[in-house]
Amino acid sequence: MKKNCILFAVVILLAFLTSCKNESDNYIDPRGTDYAGSESCIQCHKTQYETAFHSSHFKATSPATKENILGHFTNGHNTFVYDKDTKLVMEERNDTFYQILYKKGKEVEAHSFDVLFGTKHAQTSAFWKDHYTYELPVSYYKSLNSWATSPGYSPTVANFGRKIGKECYACHSSNIASRYITTSSDSINFTNMEVEDFMDPNTIVYGIDCERCHGPAKQHVRKHLKFPDLKVAQDITSFKNLNRQQKIDACAICHSGNDKLKVKSRFQFKPGDDLLDYFRGVPGSEENAHFDVHGNQLGLLAQSKCFKKSETMDCMTCHNPHANASENLASYSKICMSCHQGIQHNAATSKTTSASVLANNCVECHMPKTMSNAIKFQASNNKEMSNYILRTHKIGIYSANK
Ligand code: HEC
Ligand code: HEC
Ligand code: HEC
Ligand code: HEC
Ligand code: HEC
Ligand code: HEC
Ligand code: HEC
């Protein structure tokens, strides 16, 4: 009897252990069986995981939980006024967050925050309705520490009808499945007009994760789990073996603006791919174009002499791909000086600025903060447009330096 009991306990324990093991083996990534999911990388790449996990890339989209959501929900800080009778109020109700439209004090429409976009300077949100996401009319901006109109939205009318399509997710997430239907055909070009009509919330992989940049890694994980002594990476694209253009392309797929002339979905891009297979024109190639500071770092950088005249400069010259942009401006000066050793400013510049200021602030003068022309927003009860300001990647000599 006692023996049976022990046997029974052992069987249960074994069943339990194998089921645990199976559970991690059986993780199904919405992208398919080639993908392992970021959690599986921790055991072997703790350093990369720990920095990347806290990066803006990982939070480029996130579920609208209390921890992730930015902006105020307390009285006095949670209202956007459209006119004397109409206001939008940000409210928390039973752990769900809403934007609620009131007319003459009566609630007329309420939509929940479901998907969040961004964390660094601003956060825009979307709600799910009939298998599609729609942008909420008011967003949170860190520069104001307050709510203001979502970019391009009216300060006098609340609009809940603007779709957030797959394009946004293709730069801000690692996956979302959608379906296209053919609505009509263009009899001149013999092409079908395709309209996206359905997105599946269960297929979202939030944020830009490890495999979004490194490509599917299930085989890599399997191989290294099976052969723990292997020290050379198996079954994964190595950035070390990519040429300069391929490295740039791996970032430029999302950092060279939103060119409408796209041939393939950004979601299909894998490291080593050629960007020319995705866009009809070469991103960042136009000499005289006025690229916006928002979303087009490559376009601007490519216009700089530093980039054109050096054979090595890419995004990793100044950025760790797993971490946020450093906010320590002096750290960039060291990078500038690695190419510009012994830089001599002319007498006029040296006279007005001390040597130590010059040495530590290259970026302040040569990559100045610049207003975006693409993104503007309006605070409640304010006629003025607020500007969205980022540092330009066009490294150059600016007249404001004088
Ligand atoms: C069981 C251990 C293990 C797991 C799990 C694992 N890796 Fe690796 N990985 C390695 C080893 C070993 C190397 C080679 C040594 C190194 O570069 O750290 C490597 C190297 C890499 C490299 C560098 C390749 C190169 O040559 O430049 C990348 C990128 C990478 N892994 C990505 C991932 C991703 C993404 C995941 C999760 C989906 C993951 N790894 C999970 C063991 C593992
Ligand atoms: C799949 C699209 C995508 C790819 C690929 C991508 N990025 Fe990004 N990146 C983004 C988005 C979106 C943001 C803004 C995230 C946010 O704040 O919500 C961002 C933000 C950043 C930031 C600012 C983060 C901060 O908080 O300071 C840096 C720096 C950056 N990316 C560099 C790179 C580099 C370098 C590469 C290539 C190795 C790269 N990115 C590849 C989409 C991408
Ligand atoms: C924004 C794109 C991006 C994301 C997200 C990303 N990586 Fe990387 N990773 C790179 C690039 C680019 C390199 C090559 C860096 C270089 O050559 O300097 C790299 C290099 C590596 C390496 C080689 C060693 C090293 O640090 O240079 C490993 C291992 C690695 N990544 C693992 C991961 C893991 C694990 C994750 C998720 C936790 C991850 N990466 C997320 C772009 C990314
Ligand atoms: C071509 C890629 C791309 C597309 C498409 C795109 N974004 Fe972005 N977005 C970025 C990058 C890169 C950044 C961060 C750096 C910057 O502003 O240049 C960013 C920044 C943001 C931010 C501010 C994030 C922060 O942390 O401060 C929000 C909010 C945002 N995007 C929302 C959206 C929405 C909503 C859409 C669709 C209407 C969209 N984006 C489409 C690439 C893209
Ligand atoms: C990989 C090497 C490299 C790095 C890193 C680099 N530069 Fe340059 N830079 C160059 C080269 C090469 C030129 C062209 C010199 C020439 O024309 O003789 C240049 C030109 C310049 C010019 C003159 C621009 C003009 O339009 O006349 C300025 C200003 C400049 N760099 C500032 C910087 C600053 C600031 C940084 C850091 C944020 C930096 N550079 C980082 C290589 C680099
Ligand atoms: C010569 C150095 C240099 C190079 C090369 C470079 N960056 Fe940057 N990047 C910077 C600096 C400096 C900042 C601003 C940091 C700050 O002000 O906190 C920055 C900030 C950013 C940001 C955040 C913008 C914001 O304010 O939110 C993104 C995104 C970014 N870089 C992407 C890229 C991409 C993509 C590439 C390659 C196409 C690239 N960078 C190449 C120096 C560089
Ligand atoms: C206070 C603003 C300021 C700072 C800080 C600054 N520069 Fe400059 N820089 C200028 C101005 C103005 C010029 C053009 C007049 C001149 O040559 O002095 C210039 C010119 C240059 C040139 C072009 C010189 C030539 O002969 O064509 C380079 C390269 C350069 N700076 C690099 C740097 C680097 C690297 C740093 C950081 C170590 C830096 N600058 C810091 C304002 C600044």
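Residues numbered from 1 in each chain as written. Chains lettered and ligands numbered in written order. Predicted model: local features only at pLDDT ≥ 70, side-chain atom pairs only at ≥ 80, totals over all residues. Heavy atoms only, no water.

## With respect to the coordination of the iron atom of ligand 6
Rules: Ligating atoms shown are N, O and S within 2.8 Å of the metal, or 3.2 Å for Na, K and Ca, and water is not included, meaning a site may look less than complete. Irregular is the default label, applied whenever a site is not tetrahedral (four donors, all angles between 85 and 135 degrees) and neither square planar nor octahedral (four or six donors, opposite donors over 155 degrees apart, all other angles between 65 and 115). Starting at the N terminus, helices and strands are each numbered in turn, a helix being any DSSP run of H or I of at least four residues and a strand any DSSP run of E of at least two.
Surrounding the iron atom of ligand 6 are the protein donor atoms His 319 (NE2) and His 393 (NE2), which sit 2.0 Å from the metal. Classification of the site at the iron atom of ligand 6 rests on its six donor atoms, whose angles at the metal span 88 to 180°, yielding the label octahedral. Pair noted here: His 319 is in the loop between α8 (305-309) and α9 (329-339) and His 393 is in the segment after β14 (386-391), with a separation of 74 residues, a long-range link.

## Some points on the UniProt feature "domain: Doubled CXXCH motif" (unreviewed entry) in the chain
This is how it is decided: UniProt positions are given in the numbering used here, feature names are shortened, and annotations may be inferred rather than shown by experiment.
Look at the UniProt record and you will see "domain: Doubled CXXCH motif" (unreviewed entry) annotated at residues 312-342. A distance of 20 Å separates the end C-alpha atoms of residues 312-342, which is 35% helix and 0% strand.

## Brief notes about the pattern of salt bridges
As a working rule, side chains carrying opposite charge can pair if their charged atoms are close by. Note the following rule: By definition, a salt bridge exists where a carboxyl oxygen of Asp or Glu is found within 4 Å of a side-chain nitrogen of Lys or Arg.
Applying the stated criterion across every chain, the model contains 12 salt bridges. A salt bridge links Lys 46 to Glu 50, with the nearest nitrogen and oxygen atoms 3.4 Å apart. With a gap of four residues between them, Lys 46 and Glu 50 both fall in helix α2 (residues 46-53), about one helical turn apart. Note that Arg 93 and Glu 107 form a salt bridge whose closest N and O atoms lie 3.0 Å from each other. One end of the pair, Arg 93, is in strand β3 (residues 86-93); the other, Glu 107, is in strand β5 (residues 106-112), with 14 residues separating them in the sequence. Through salt bridges with shared partners, a single network forms among Asp 29, Arg 31, Asp 209 and Glu 211.

## Examining the site of ligand 3
We count it as follows: Whether a residue is near a molecule or strand is decided by its heavy atoms; if any one of them lies within 4 Å of it, the residue is near. Any pair of nitrogen or oxygen atoms within 3.5 Å is treated as a polar contact; in protein, a donor-acceptor pairing is required on top of that, and neighbouring residues in sequence qualify only through side-chain atoms on both sides. Throughout this entry, Asp, Glu, Lys and Arg are counted as charged residues, while Ala, Val, Leu, Ile, Met, Phe, Trp, Tyr, Cys and Pro are counted as nonpolar. The remaining residues, Gly among them, count as polar.
Lining the immediate environment of ligand 3, one finds 15 residues, of which Gln 48, Cys 210, Cys 213, His 214 and His 322 sit closest. Here an oxygen atom of ligand 3 and a side-chain polar atom of Gln 48 are 2.9 Å apart. In the environment of ligand 3, a nitrogen atom lies 2.8 Å from a nitrogen or oxygen atom belonging to the side chain of His 214. For the shell around ligand 3, the elements supplying multiple residues, two or more each, are α2 and α4 (210-214). Broken down by class, the residue content of the shell around ligand 3 amounts to nine nonpolar, five polar and one charged.

## Details of the coordination of the iron atom of ligand 7
For the iron atom of ligand 7, the full set of protein donor atoms is His 345 (NE2) and His 366 (NE2), and the range of their distances to it is 2.0 Å. The site at the iron atom of ligand 7 holds six donor atoms, and with the angles between them running 87 to 178°, its shape is octahedral. You can see His 345 sitting in the loop between α9 and α10 (347-352) and its partner His 366 sitting in helix α12 (residues 362-366), a full 21 residues away along the chain.

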